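In case you want the letters, here they are:
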Amino acid sequence: MAEKLSLRNFYSDYSNLPSNTYKQAGGLYEETEVEKSIDVSDSVHNAGKKLSQSLPSSGREDINVLTMQRLEKHVPSTPLDMVVDYYNYDYEFAEPPRVTSLQNTNPLPTFANFGEHVHFVADQRGYVSVVYDVASQFLQTNESSSITDSRVLLNKVVRSIKRSNHEVVVETEDGSTFKADYVMVCVSVGVLQTNLIRFEPDLPQLEKEYPGENVLVVTVTDEESRRIEQEPDSQIKVEAMQVLRNMFGEDIPDATDILVPRWWSNRFFRGSFSNWPVGLKPICI
C-alpha cells in the first residue's frame, strides 16, 4: 500500500546501534562493549523463545519477561545492559518486562507474521492518506479525493451503545440517536478500559482486556510518560535539553520548538501502544 500511494518512507536500519549508544553523562560506549551486551541480551531472548514455545497454549502458565530473565540468571543491572533492555522491551511495548507477557511477545506475532523489516513513514501526508485511500473505495469523494459522503458524521462522540436481539442503538454526546443491525467499534483498548462509552449489556471481560528539518524524536513509556504529560511543554523542553547537554555538552543549541502528543490524557485514545498482559490468549485479541 505504501508503494501504491508512493508514501515517502525509510528502512529502519538498527545495525549501527553498537557504534551509536551514548552514555548518560556524555560520550559513546565502546562498540565492542555494546556488541557484547546485545549478544547476551539476544542469547537470553532466544532462551526465552524456547521457554515460551514450551508453555501450554491456554496461557495459564504464562510468565512475564522479567521472570524469564531471572530464570536465565540475567536481570539487566548495569547502565548499558539497562539501555539495551529498554530498547528491546519498554521501547517496543511501552511497558517494562515485569508486566509484559513472555508467551505473547516471544516470538512477537507482528514480526513472525509480517517479517522483521521496519519502515518509518516520513511522508507529510501521513498515515491518514492510507485511511483515505481505503475509504475512497466505498465512500463518495470529490475531484480532490476528499470524502463527501453524507453517511460519514464527524465530531460525534459516542457515549452509549445498547444491544438487543433485534437492533443496536448508539447515542452520542450531543443527544443524537442512531439505530442499526450491527455496529463496529474501533476505539483503542485504552478507551474501552474507561467509562467514555457505556455498553449495555456490558462487554465480556475478555473483550475489554486487552522535508529537510532536523527533528529529534524522544520516546518515554510507562509511569514516566504519565508524569511528563502533566507538565507544560516549556518544562518538558527544559528537561529534554538538560539530558541532551549532559550527553553532548553545554554548547548545543536549544530546540526551536517542541511538540508533545499527550496520548494518555486524550480521552479518545488513553494511550498509544497496546501491550500483551500475562496470561492473555492471542484468540482474545
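Everything below is about the structure shown above.
Conventions used here
Residues numbered from 1 in each chain as written. Predicted model: local features only at pLDDT ≥ 70, side-chain atom pairs only at ≥ 80, totals over all residues. Heavy atoms only, no water. Helix = DSSP H or I, 4+ residues; strand = E, 2+ residues; numbered from the N terminus. Areas by Shrake-Rupley, 256 points an atom, 1.4 Å probe, with all protein chains shown as cover. Salt bridge = Lys/Arg side-chain N within 4 Å of Asp/Glu carboxyl O. Buried < 20%, exposed > 50% of the residue type's maximum accessible area, 1.4 Å probe, protein only. Axes fitted to C-alpha atoms, helices over the stretch in contact; angles between N-to-C directions. Parallel < 35°, antiparallel > 145°, perpendicular 65-115°, else oblique. Left-handed = near helix turned anticlockwise from the far one by under 90°. Contact = heavy atoms within 4.5 Å. Pairing = 2+ DSSP bridges. Phe/Tyr/Trp six-rings, centres within 6.5 Å; stacked < 30°, edge-to-face > 60°. Patch = residues over 30% accessible without salt bridge, like charges linked within 9 Å, V, L, I, M, F, W, Y side chains within 5 Å. Lys, Arg positive; Asp, Glu negative; His and termini not counted. Charge placed at Lys NZ, Arg CZ, Asp CG, Glu CD.

Trainee: Help me understand the overall build of the protein chain, please; the structure alone is not making it clear to me.
Mentor: A tally of helices and strands in the protein chain yields 9 helices and 6 strands. The principal-axis extent of the C-alpha atoms belonging to the protein chain is close to 65 × 50 × 40 Å. Carbon and sulfur atoms make up 53% of the accessible area of the protein chain, which amounts to about 19800 Å² in all.

Trainee: Which parts of the structure should I look at to understand the pattern of salt bridges?
Mentor: For side chains bearing opposite charge, pairing can occur when the charged atoms are close. All chains considered together, the criterion is met by 16 salt bridges. For the salt bridge of Lys162 with Glu171, the shortest nitrogen-to-oxygen distance reads 3.5 Å. In this structure Lys162 comes out as partly exposed when scored by relative accessible area, which is 28%. Residue classification places Glu171 among the partly exposed residues on the basis of a relative accessible area of 27%. Put simply, Arg227 and Glu231 hold a salt bridge, and the shortest N to O gap is 2.8 Å. A residue is classified by how much of its surface remains accessible, and Arg227, at 34% relative accessible area, is partly exposed. A relative accessible area of 16% places Glu231 in the buried class. Overlapping salt bridges bring together Arg98, Asp222, Glu223 and Arg226 as one network.

Trainee: What exactly am I supposed to notice about the packing of helix α1 (residues 31–54) against helix α3 (residues 79–93) here?
Mentor: Axis separation between α1 and α3 bottoms out at 10 Å; the angle between their running directions is 50°. Taken together, the axes of α1 and α3 are oblique relative to one another. Here α1 runs over α3; the crossing is right-handed. Residues Glu33, Val34, Ser37, Ile38, Ser41 and His45 of α1 form the contact with α3, whose participating residues are Leu80, Asp81, Val84, Asn88 and Tyr89.

Trainee: Is there a simple way to think about the pairing of strand β4 (residues 168–172) in this case?
Mentor: If a strand is regular, its side chains alternate between the two faces of the sheet. Taking burial as the measure, the 5 residues of β4 include 4 buried ones, the bulk of the element. Direction of pairing for strand β3 (residues 158–163) relative to β4: antiparallel, over a ladder of 5 bridges. The residue of β4 that forms the bridge with Val158 is Thr172. Judged from the 4 bridges that link them, β4 and strand β5 (residues 177–180) form a sheet pairing that is antiparallel. Pairing of Val170 across the sheet is with Phe178, part of β5.

Trainee: Whenever I open this one, the sheet that holds β3 confuses me. Can you help?
Mentor: An order of β5-β4-β3-β6 is seen for the 4 strands of this open sheet, with the pairing classed as mixed. Only two strands of the sheet have a single neighbouring strand rather than two, namely β5 and β6 (198–200). Neighbour-to-neighbour, the strand axes of the sheet open up by a mean angle of 15°, direction not taken into account.

Trainee: I'm lost on the packing of aromatic side chains in this one. Help?
Mentor: Two descriptors summarise a pair of aromatic rings, namely the distance from one centre to the other and the angle between the planes of the rings. Here the structure, examined in full by the defined rule, presents 4 aromatic pairs. When the ring of Tyr22 is compared with that of Phe248, the centres are 4.7 Å apart and the planes differ by 70°; the resulting orientation is edge-to-face. On the basis of relative accessible area, Tyr22 is assigned to the partly exposed category, the value being 32%. Ring centres of Trp263 and Phe269 lie 4.8 Å apart, and the angle between their planes is 85°; this geometry places the pair in the edge-to-face category.

Trainee: How should I be thinking about a negative patch on the surface in this particular structure?
Mentor: A contiguous patch of negative charge, built from Glu30, Glu31, Glu33, Glu35, Asp39 and Asp42, is present on the exposed surface. Secondary-structure assignment places Asp42 in helix α1.

Trainee: Hey, could you run me through unusual backbone geometry in this one?
Mentor: Where the residue is not glycine, phi is negative for most of them; where a peptide bond is considered, it is trans in most cases. Across the junction of Asn106 and Pro107, the peptide omega takes the value 5°, indicating a cis bond. Relative to the assigned elements, Pro107 resides in the loop between α3 and α4 (109–114). With an omega of -5°, the peptide bond between Glu200 and Pro201 qualifies as cis. One can find Pro201 in the loop between β6 and α7 (205–208). Of note, Ser6 is a non-glycine position whose phi angle comes to about 55°, a positive value. Checked against the element boundaries, Ser6 lands in the segment before β1 (9–11). Under the relative-accessibility criterion, Ser6 is labelled exposed at 56%. Residue Asn155 is not a glycine yet carries a positive backbone phi of 60°.

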